[in-house]
Amino acid sequence: MSASGQTAHALYVLRANRISSAAAVLAVLLVLTAVFGPMLTQYDPLASDVAHALQPPDANHWAGTDQLGRDVLARVIAAGRLDYAIAAAAVFLSFVIGAVIGGACGFRGGAVDRWVGRIVDVLMAFPLFVLAMALVAALGNRVENIVTATAIINLPFYIRFARAEVAVRRQAGWVEAASASGNGPMRIVLGFLLPNVLPAMSVQISLNLGWAILNAAGLSFIGLGVHPPTPEWGIMVAEGARFITVGHWWLVAAPGLALMLSVLCFNLLGDGLRDMLDPRMRT
Amino acid sequence: MTKSAAVLRLAGRRLAASLPALLGVVVFTFVLMRVLPGDPAVFFASGPSAGQKEIEDIRHQMGLDRSIPVQLAFYLRDIGTGSLGHSMTTGQPVLKDLEERLPASLELTFAALVLALGLAIPMGVLAALNPGSTTDHAVRFLCTLGVCVPTFVSGLLLIYVFYYLAGIAPDPTGRIDIFASQPPSHTGFLVIDSLIAGDFDAARSAASQLVLPAVTMALFVLAPLARMTRASMLAVLGSDFIRTARAMGLSRGRIVFVYALRNAALPVLTIAGIVFSTMLGANVLVEKVFSWPGVAAYALDALLATDYAPVQGFVLLMAVIFVFVNLLVDVLYGLADPRVNAA
């Protein structure tokens, strides 16, 4: 298919999938909100104002104030930056490392492939969230380590995926042609095989972004990784949890809604990408 | 070869094949716990004033003065003799702690799985019967929504609605009202134990404590189950034997519920197995929100206190359950579909 044909096809699919298009627009809006966040609100996410603590949403504070009188909306927006950054960094890391390891294993096979397979099996036999908890605790209770832990628990899926996709293409005619025209194995894997696997992996990446956000927020919720007063969705929910039984719902609902919208948007985007790339996979 | 012998052989082979992964889990967790920051010997010494001698003694008593490979060898030997070490925070053997808390986690996970299956299968079937319809889209939307709301948010919002606003749910802490009498333990599941004891008040109390956390978990796992039911139903409904059944003039209900659903159930069973093991490990968050005294909350507390043994024991337990659930699914699969064993 020519490049313009591809664009036309993508546009056709977007028109046919209103939901995916809406998700794409929402994704752009969410990312823009995170990037330009501090300009969108007059409140400082860290400034406390005890005189106006625990106020329900009103015209001044659209999402209310928390127990220290901080503006919840400003905190939710500021938290988005951190959560998106964590998720993007983690998914990027596991994608790059997973694609290279999986690609090499799928291309080479042999003993290394078998050993990597074993290690992947071990990682997948863990309850993944528990593994992430243990990793953050072991590496040190810092934000960077939420990224590392999330990347590690995602890694097996990328390795398996890249390995399988490369292995089925290894014998293809165009790979032989690339090899016959003097390309080394490194160049074949990185320059020919992986670019062909990339579209299929983009589905995984989009679905994973949503999952990584949930994971990061879950870790902070139980007190690993991010520390107060840093605004972060998981921590905000954990702090709000103390006030839910006395009826201060907005402390949980505001960051919860932000989490839900983000994950929803990346999941729908992933589904849309899958429909675009492989209509047979629709479920 | 008889059918049961074939199934046994399959089970044995799978079990043997999963042993290296289990060993890997044990070794990996062990090493991971040893790089945890903080010195547990200092943590468990009598206080900040504890002398160097006392700390050294505790370190020696815990075996921390040996090299890591030696410690690992001791740990593996202990596992071989059925001991998972002692928890320093509760002062009990880890195995006993896990035994006490596992029923709570299992009760919650089973309840959630039954609830999720009870919702997901009808939803999936309805969606598959009318693909592309409003029902189909509604099911898809509901499932997508369920995956997107983290359990710790949906749990808290359920508490807000049913405890604070409606006032019909009990105080969301623990498994049973503290004033209700604890039934004698048979199964470890409080609802069933209370019913056996004939104490209906206690049973009602335990059940009402169980509803919200179970719903929270069920919502989160609705999507994989309903989607798999739909996909597998669609595939079966399009197959030749259904067409034949239709041509023979069988009633629609009989075709859908007897012939199609029974054949479509197998892939759903596999997913249900995976969902069960995932929930058991991932319910740290739900257990924390509802102060549920389960194994995951126990492991989290131990992890935050740098108490090695319970975390290691918990991870091993989860991995073993994971392996056994997969094995059970394989065996059931083999019994339901004899073609699987031939492969």
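As the structure is a prediction and not an experimental result, all values here were calculated from the model.

Scanning chain B from N- to C-terminus turns up 15 helices and zero strands. Over its C-alpha atoms, taken along the principal directions, chain B stretches across nearly 85 × 60 × 40 Å. Here chain B, with 343 residues, has 46% of them falling under the buried criterion. When contacts within chain B are restricted to residue pairs at least 6 apart in sequence, long-range pairs at least 24 apart make up 72% of them. Counting every atom, chain B has about 16500 Å² of accessible surface; 67% of that belongs to carbon and sulfur. Computing the positive centroid from 23 side-chain charges and the negative centroid from 22, chain B places the two 16 Å apart.

This paragraph deals with the interface of chain A and chain B. Residue-level contacts link 41 residues of chain A with 43 residues of chain B. Buried surface at the junction of chain A and chain B, summed over both partners, amounts to about 3700 Å²; 82% is from carbon and sulfur atoms. Summed over the shared surface of chain A and chain B, the result is zero residue pairs in polar contact (both at pLDDT 80 or more). Elements represented by at least two residues in the side of chain A that touches chain B include exactly helix H4 (110-125), helix H5 (128-139), helix H8 (185-221), helix H9 (233-241) and helix H10 (250-277) of chain A.

Counting 155 residues, the largest nonpolar core has Met133, Ile222 and Trp233 of chain A together with Phe152 of chain B as the members making the most contacts within it. Of the residues forming this core, the biggest block, 14 residues, is contributed by H8 of chain A. Looking at which domains feed residues into this core, each of domain 1 (1-89 + 305-335) and domain 2 (100-280) of chain B supplies at least three. Ignoring sequence-local partners within four residues, the contact set of tryptophan 233 of chain A consists of Val76, Ala79, Gly80, Asp83, Tyr84, Ile213, Pro255, Ala258, Leu259 and Ser262 of chain A. The next biggest cluster of nonpolar side chains, apart from the first, holds 11 residues, and it includes Ala128, Met233, Ala245 and Ala264 of chain B.

Summed over all chains, the structure comprises 11 salt bridges over all chains. A salt bridge links arginine 163 of chain A to aspartate 113 of chain A, with the shortest nitrogen-to-oxygen separation between them at 2.7 Å. Placement of the pair is arginine 163 of chain A in helix H6 (residues 143-169) and aspartate 113 of chain A in helix H4, with a sequence separation of 50 residues. On the basis of relative accessible area, arginine 163 of chain A is assigned to the partly exposed category, the value being 33%. The exposure class assigned to aspartate 113 of chain A is buried, which follows from its relative accessible area of 12%. Where lysine 96 of chain B meets glutamate 100 of chain B, a salt bridge forms, and the shortest distance between an N and an O atom there is 3.3 Å.

The next subject is the packing of aromatic side chains. Residue and element names in this part refer to chain A. In the structure shown here, the tally under the stated rule is eight aromatic pairs over all chains. Plain terms: the ring middles of phenylalanine 95 and tyrosine 158 are 6.3 Å apart, the flat faces sit at 70° to each other, and that makes the pair edge-to-face. Here phenylalanine 95 is found in helix H3 (residues 72-108), whereas its partner tyrosine 158 is found in helix H6, with 63 residues between them in sequence. Of the two residues, phenylalanine 95 and tyrosine 158, neither departs from the other in class, the shared state being buried.

Along the chain, the position of threonine 144 of chain B falls in helix H6 (residues 134-148). The class of threonine 144 of chain B is buried, set by a relative accessible area of 7%. Excluding anything up to four places from it in sequence, threonine 144 of chain B contacts Leu264 and Leu268 of chain A together with Arg227 of chain B.

Now for unusual backbone geometry. Residue and element names in this part refer to chain B. Positive phi, close to 45°, is recorded for serine 291, a residue that is not glycine. Within the secondary structure layout, serine 291 lies in the loop between helix H12 (284-289) and helix H13 (295-304). The class of serine 291 is partly exposed, set by a relative accessible area of 38%.

What follows covers the domain arrangement of chain B. Many analyses report the size of an interface as the accessible area lost when the parts associate. Residues and elements named next belong to chain B. When cut into domains, chain B gives domain 1 (1-89 + 305-335) and domain 2 (100-280). Here the C-alpha centre of domain 2 lies 31 Å away from the C-alpha centre of domain 1. The interface of domain 1 with domain 2 comprises eight residues on the first partner and nine residues on the second. Where domain 1 abuts domain 2, roughly 840 Å² becomes buried across the two surfaces, and 83% of that area is made up of carbon and sulfur atoms. The interface formed by domain 1 and domain 2 contains zero salt bridges. Counting across the interface, domain 1 meets domain 2 through zero residue pairs in polar contact (both at pLDDT 80 or more). Looking at the side of domain 1 that touches domain 2 residue by residue, the classes come out as eight nonpolar, no polar and no charged.

Let us now look at the confidence of the model for chain B. When pLDDT is averaged across chain B, the result is 82; 92% of the residues are at 70 or more. Two numbers describe this predicted complex: its pTM, 0.83, and its ipTM, 0.83.

This part is about the packing of H3 of chain A against H8 of chain A. Residues and elements named next belong to chain A. Between H3 and H8, whose axes approach to 7 Å, the crossing angle comes to 145°. Like other packed secondary-structure pairs, H3 and H8 cross with a definite hand, here right-handed. Its residues placed into classes, the contact of H3 with H8 shows 21 nonpolar, two polar and two charged.

Criteria and cut-off values
Residues numbered from 1 in each chain as written. Chains lettered and ligands numbered in written order. Predicted model: local features only at pLDDT ≥ 70, side-chain atom pairs only at ≥ 80, totals over all residues. Heavy atoms only, no water. Helix = DSSP H or I, 4+ residues; strand = E, 2+ residues; numbered from the N terminus. Buried < 20%, exposed > 50% of the residue type's maximum accessible area, 1.4 Å probe, protein only. Contact = heavy atoms within 4.5 Å. Areas by Shrake-Rupley, 256 points an atom, 1.4 Å probe, with all protein chains shown as cover. Lys, Arg positive; Asp, Glu negative; His and termini not counted. Charge placed at Lys NZ, Arg CZ, Asp CG, Glu CD. Buried area = accessible area lost by both parts, 1.4 Å probe. Polar contact = N/O pair within 3.5 Å; in protein donor to acceptor, adjacent residues only side chain to side chain. Core = buried A, V, L, I, M, F, W, Y, C linked by side-chain atoms within 4.5 Å. Domains from an automatic or database assignment. Salt bridge = Lys/Arg side-chain N within 4 Å of Asp/Glu carboxyl O. Phe/Tyr/Trp six-rings, centres within 6.5 Å; stacked < 30°, edge-to-face > 60°. Nonpolar A, V, L, I, M, F, W, Y, C, P; charged D, E, K, R; others polar. pLDDT = per-residue confidence, 0-100. Axes fitted to C-alpha atoms, helices over the stretch in contact; angles between N-to-C directions. Left-handed = near helix turned anticlockwise from the far one by under 90°.

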